[in-house]
Amino acid sequence: IISSGQYMLQADFSDNFNINHENNSESLFEIQFAVGRDNNWFLNEQGGGSGTGRYIMWRAACEQGNCAGGANSDGYGFAHVVKPLQHEFEPNDPRRVQSIFLDGDPFPSDETPVFSASWSVTGSTPSKYILGDIEGGSIPGEPNYGTNNERVLRYADILLMSAECKLLGTATDIAGAADLINKVRERADPGGAILPPRSASSSKEQMFAYLMHERRV
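In this text the structure is predicted, and so the values were computed from the model without any measurement.

Undergrad: I'm lost on unusual backbone geometry in this one. Help?
TA: Trans peptide bonds make up the majority, and among non-glycine residues the majority have a negative phi. A positive phi angle is found at Asn92, which is not glycine, with a value near 70°. In this structure, Asn92 sits in the loop between helix H3 (83-88) and strand S4 (100-101). Positive phi is not limited to glycine here, since Tyr129 has a value of about 70°. Its place among the elements puts Tyr129 in the loop between strand S5 (125-126) and helix H4 (130-133).

Written out as C-alpha cells, the structure is:
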C-alpha cells in the first residue's frame, strides 16, 4: 500500500472527517452513508432506510440540567471522552480541536456557541464528524439523517501499522519507524513547531511509546 503511490495523507487532518472530502486519497475503506427514511431502526422492507446514528450518539447533550444547543433534536450525548485521552494530546496539537470538544471550544450552535464541560460526565465529547458534518450533511431536526461517511481505515493508520512492524519485527528498524511516525506528525504540524519530530536515536522502548501516543491521538 505504501509503495503503490495510490494513497497519501490529506494536507488537512480535518478533511478526513469532512462530508465534502469523502473517499479521499487517505481513505482506504469507509462506510458509505445515505439519507434514509423516518425510522432508521426498521429494516428497509418495513419502511425504514439507511442512515447514520452517529450524529445523535456523539453530540453533547444534557448533564445535570445543563443542555447543549439542540441537545434533544441534534444529539443524545451517548459518547464521552475519558480523561486520559483528553490529557494525551500535546499542548496546542491542532488535531485536538478536530477530535474532541473541551470547555470553551467553539460549538456549532447558534443557541450555545461555546462548548461547556458541564454537558458531559467527563467534561468532553467527540467533535470528529460533528464539525465535518456542518458543511452540508446534517438536516436540522433530523439527526438520524447525517450522511457523513464513517472512515474505517486511513493511510495514516497504515503508516503507524508499518512503524509497529519495524519496531517489533525480527529486524528492529528504529529510524524507519521514526520516519513513518514523523510523516503523521508533520502532516498535522508542518515545520514541527508544535509537534517536533521524534528522534531516530531514541531507544526501541521510547519509540514504541511515541508510536502508542500517536496511535491514540
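Back to the text.
Undergrad: When you look at the environment of Asp157 in this model, what are you seeing that I'm missing?
TA: Examined against the element boundaries, Asp157 turns out to sit in helix H5 (residues 155-168). Classification of Asp157 as buried rests on a relative accessible area of 14%. Note: C-alpha distance between Asp157 and Ser27 (130 residues apart in sequence) is 9.8 Å. Contacts of Asp157, omitting those with residues within four sequence positions, involve Val152 and Arg215.

Undergrad: For this particular structure, what's the right way to read the packing of aromatic side chains?
TA: Geometry of an aromatic ring pair is reported as the spacing of the ring centres plus the angle between the planes. Under the defined criterion, the tally for this structure stands at 7 aromatic pairs. Ring geometry for Phe115 against Trp119: centres 5.3 Å apart, planes inclined by 80°, an arrangement best described as edge-to-face. Summarising the burial analysis for this pair, Phe115 and Trp119 share the class buried. Put simply, the rings of Phe101, Phe107, Phe115 and Trp119 pair up and form one aromatic cluster.

Calculation rules
- Residues numbered from 1 in each chain as written.
- Predicted model: local features only at pLDDT ≥ 70, side-chain atom pairs only at ≥ 80, totals over all residues.
- Heavy atoms only, no water.
- Helix = DSSP H or I, 4+ residues; strand = E, 2+ residues; numbered from the N terminus.
- Buried < 20%, exposed > 50% of the residue type's maximum accessible area, 1.4 Å probe, protein only.
- Contact = heavy atoms within 4.5 Å.
- Phe/Tyr/Trp six-rings, centres within 6.5 Å; stacked < 30°, edge-to-face > 60°.

This is a description of form; function is not addressed.
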